[in-house]
Structures are given as C-alpha cells and as structure tokens.
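# Structural features, examined
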Amino acid sequence: MDYTFQYPEASLTVDAAIESVASHLAAAPLWYGHGTDNPDDEAAWLVFHVCGIDYPIPDGAYAQSVTKQQLQRIDELLSRRVTERQPLPYLLNEAWFAGLKFFVDERVLIPRSPFAELIADGFQPWLGDIKPQRILEIGTGSGCIAIACALAFPDAEVVATDISPDALAVARENVARHQLEDRVQLLEADLFNGVPGKFDLIVTNPPYVPVEAANNLPEEYNHEPLLALKSGNDGLDAARGILHDSAAHMQSHAILFLEVGAQWEALDSACPELPFMWLEFEHGGEGIAMIAAQSLVTANR
Ligand SMILES: C[S@@+](CC[C@H](N)C(=O)[O-])C[C@H]1O[C@@H](n2cnc3c(N)ncnc32)[C@H](O)[C@@H]1O
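Sequence positions are assigned chain by chain, starting from 1 and proceeding in written order. Local features are withheld for residues below a pLDDT of 70 in this predicted model, meaning they are given only at 70 or higher, and side-chain atom pairs are given and counted only at 80 or more; totals for whole chains, interfaces and linings count all residues.

## A few points about the packing of helix α2 (residues 39-50) against helix α3 (residues 68-84)
Put simply, α2 and α3 touch, their axes get as near as 9 Å, and they point 140° apart. The angle between α2 and α3 falls in the class oblique. The handedness of the crossing between α2 and α3 comes out as right-handed. Here Leu-46, Val-47 and Val-50 of α2 lie close against α3, whose contacting residues are Gln-70, Arg-73, Ile-74, Leu-77 and Leu-78. Lines fitted to C-alpha atoms define the axes here, with helix axes fitted over just the stretch in contact, and angles between the N-to-C directions of these axes take values from 0 to 180 degrees. Working definition: helices are DSSP H or I runs of at least four residues, strands are E runs of at least two. Numbering for both runs from the N terminus. Every angle not falling under 35 degrees, over 145, or within 65 to 115 is termed oblique; those three ranges are roughly parallel, roughly antiparallel and roughly perpendicular. Two helices crossing with the near one rotated counterclockwise from the far one by less than a right angle form a left-handed crossing, whereas a clockwise rotation gives a right-handed crossing. With C-beta atoms placed from the backbone, a contact is any residue pair whose C-beta atoms sit within 7 Å.

As structure tokens, this is what we get:
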C-alpha cells in the first residue's frame, strides 16, 4: 500500500497528533493483537513513545506540543507500521507486560500472555500457602514472565530456559534492565534437557500454533520467530513434551501452569487422564491449564 502521512507545518498538540495517527491507522488494513487491540490505543502508544511520555500518563501530557522533529519520527513509524505491517512493539523496541517495560525485537515473541493476570494475583488462590522458592519458566522469549515472577516473589530464584540463543540474548538484556541478574538464571535448553533440580512452580507459554494455522496468520505475525509460534501439526508437540517430563522436576507440592491458548480443547481431549483446571481471566485471554505434581505422577504411573 502506498502511504504518506502528511504532517502539518504548524505545530500540533499530542492530542491532535494521536487523533491524526489513529485515523490513518484505522484506514489501513492492519491487524491488532500485539499489545493493543484498536487503532486509538496504538496511536496513543506511538505518539507518547516518540514524545518521551511514559505510562502512567502525567496530567497535561495531551496538551503538550509536538515538535517538527517528533512529527517526522511519528510519520516514519506510522509509515513503516502500515507498509511493512510490523507490529508496533518491534518498531519501538518496547513492550509492556504485567505493568513492566521490556526491550523486544524480532528475536522474541511480543509479550501478550494472560500469565500477566496470574502473576499480578500472585497465582492466588491456586498457590494457597505455597511460597515458591524455585520457579522454572520454559520458553522465556523476552524473559517477561520470568522477570515478572521474580518481582512478584522477591525471595524466589527463577530459572528461565529457551531453545533459542537469540531469544536468550534479549532475555539477558531485560534481566539486566530489571537488575535481576542474581535471581534470574537464563539457560539454553530444549524443554527440560539439562535443567537442574526440582521446582515449586513451573510456568510455561510454549509455542502452540498448529503448522497449518501458522501459515495463515495475519501479516504482523510473520515478523515473529516461527520457533515461538509453531509446534507440530496439532500445535501440541511442546505441551506434550512438557507434560511428559514435568513431574520429575517438581516438588511433591508443586504446580504447573501451562498455556496452550486456543488449543486448550484439543489438549483437554488428547489427555483425558489429566485433570486440568482451565483458568478464567478478567482481562481477556484463555487456555492456561493448572495441574498439580501429584496428578502428573498418578497419570504417568
Ligand atoms: C510463545 S513463546 C513465549 C515467550 C515468552 N515466554 C512470552 O510469554 O512472551 C515460546 C518460546 O518458547 C521457545 N521454545 C520453542 N521450543 C522450545 C523448546 N523445545 N524448549 C525450550 N524453549 C522453546 C521459543 O524460542 C519462544 O521463545
């Protein structure tokens, strides 16, 4: 699509710039689902970012003037968003998860998991009295879940794995930005291969898109690493591997939280012997199962 954003010679307020960007976004055939779900929120994020306005938005921010240089930058980003169909977080190298800011680029999936809500609730009421000392995250990508867990449980040690060295480089950057080097250990591993010890809590958002569906996603998803999306014909290869080996890495009181998104019914039917509890979310999202170590041990017998 040929595209030019005409920025005016006269100065604009932040409010007017957001309105203008939103109308250009709304007129383009874009897909939302990488941190925002509509053109207005995406326009606000883009303009705030360029103008150096951080969340929570301070009073008076909307009336601030946008400089000519900032308008040029807004123009550039808007134009790339529309013509390249890049998700905004990659263009800004910024994503938000659980109220925290993360560096992202095309080496990692853009954070959007409903795990954020579970972490904000401290995994209550599911954890009850369990105070996790050792937490494992499999498939950490940007590190967002591992980092948010480390901040939610300040006494815990977190091991965060990924099979992708590229993803781990981004996670390392984020662990450093959140100053968690002493409590979040990053490990290159294929599922549990080489993961040491037992854990009180395992969390994982592995790839779960069926191969065929992965080939038919909106253009924006083609910028994300395939390794983070695709997982066999039914999307459940990684989930099956995790369920098979989890018990050996869990303390007897431990709990596994496994995300499979829209594949949840397929996983539920494929594993009738496993008593999954499928969680509900106030802020959207689906497909996170909770299952206790004891149930996995019984099923493996
Ligand atoms: C859906 S992304 C989740 C990223 C991050 N946890 C999040 O929620 O934004 C899945 C991640 O699992 C990693 N992955 C894929 N196969 C894996 C495997 N066999 N072992 C470990 N990690 C794997 C991918 O590289 C990717 O970073």
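From this point on, the discussion continues.
## Considerations on the domain arrangement of the protein chain
How big an interface is tends to be stated in terms of accessible area lost as the parts join. Domain borders in the structure are assigned automatically or taken from a domain database. When its domains are assigned, the protein chain resolves into domain 1 (12-92) and domain 2 (97-300). With centres defined by C-alpha atoms, the gap from domain 1 to domain 2 works out at 30 Å. On the domain 2 side, the residues contacting the 8 residues of domain 1 number 9 residues. Residue type decides the class: Asp, Glu, Lys and Arg count as charged, Ala, Val, Leu, Ile, Met, Phe, Trp, Tyr, Cys and Pro as nonpolar, and the leftover types, Gly among them, as polar. Classifying every residue of the side of domain 1 that touches domain 2 gives 4 nonpolar, 3 polar and 1 charged.

## A look at the nonpolar core
For this entry, the nonpolar core is defined as buried Ala, Val, Leu, Ile, Met, Phe, Trp, Tyr and Cys residues connected by C-beta atoms within 7 Å. Think of it as a crowd count around each C-beta: if 20 or more other C-beta atoms lie within 10 Å the residue is buried, if 12 or fewer it is exposed, and in between it is partly exposed, with C-beta placed from the backbone throughout. Ranked by internal contacts, the top residues of the largest apolar core, which has 64 residues, are Ala-148, Cys-149 and Ala-239. Residue contributions to this core peak at 7 residues, all from helix α6 (residues 144-152). Core analysis: the second largest hydrophobic core is formed by 20 residues, Val-21, Ala-43, Leu-77 and Leu-78 among them.

## Quick word on the sheet that holds strand β7 (residues 184-188)
DSSP bridges decide pairing: two strands pair if at least two such bridges lie between them. Taken together, 7 strands build an open sheet; the order of strands is β7-β6-β5-β8-β9-β11-β10 and the sheet is mixed. What marks the edges here is a single partner per strand, and that holds for β7 and β10 (277-278). As judged from the 5 bridges shared by strand β5 (residues 134-138) and strand β6 (residues 157-162), these two strands associate in the parallel manner. For Ile-138, the partnering residue across the bridge sits in β6 and is Thr-161.

## Observations concerning the pairing of strand β11 (residues 288-292)
In this sheet, β11 lies alongside strand β9 (residues 250-259) in antiparallel orientation, the contact comprising 5 bridges. In the sheet register, Ile-255 faces β11, and the bridge partner there is Ala-292. Where β10 and β11 come together, 2 bridges link them in antiparallel fashion. Paired with Met-277 across the bridge in β11 is Met-290.

## What to know about α2
The span expected for a helix works out to 1.5 Å for each residue beyond the first. Compared with the 16 Å implied by 1.5 Å per residue over 12 residues, the 17 Å span of α2 between its first and last C-alpha is a close match. Of the residues making up α2, those classed as buried are Glu-42, Ala-43, Ala-44, Trp-45, Leu-46, Val-47 and Val-50. Contacts from the buried residues of α2 go to α1 (14-27), α3 and α4 (88-92). Directly beyond the C-terminal end of α2, a positive phi value near 70° is found at Gly-52.

## Quick word on the site of the ligand
For the ligand, the set of nearby residues contains 23 residues, the closest of which are Gly-139, Gly-141, Ile-163, Ser-164 and Ala-228. When residues of the shell around the ligand are traced back to their parent elements, those giving at least two are α6 and β6. Of the residues that constitute the shell around the ligand, the class distribution is 13 nonpolar, 8 polar and 2 charged. Being near a molecule or strand means, for a residue, that its backbone-placed C-beta atom lies within 6 Å of it.

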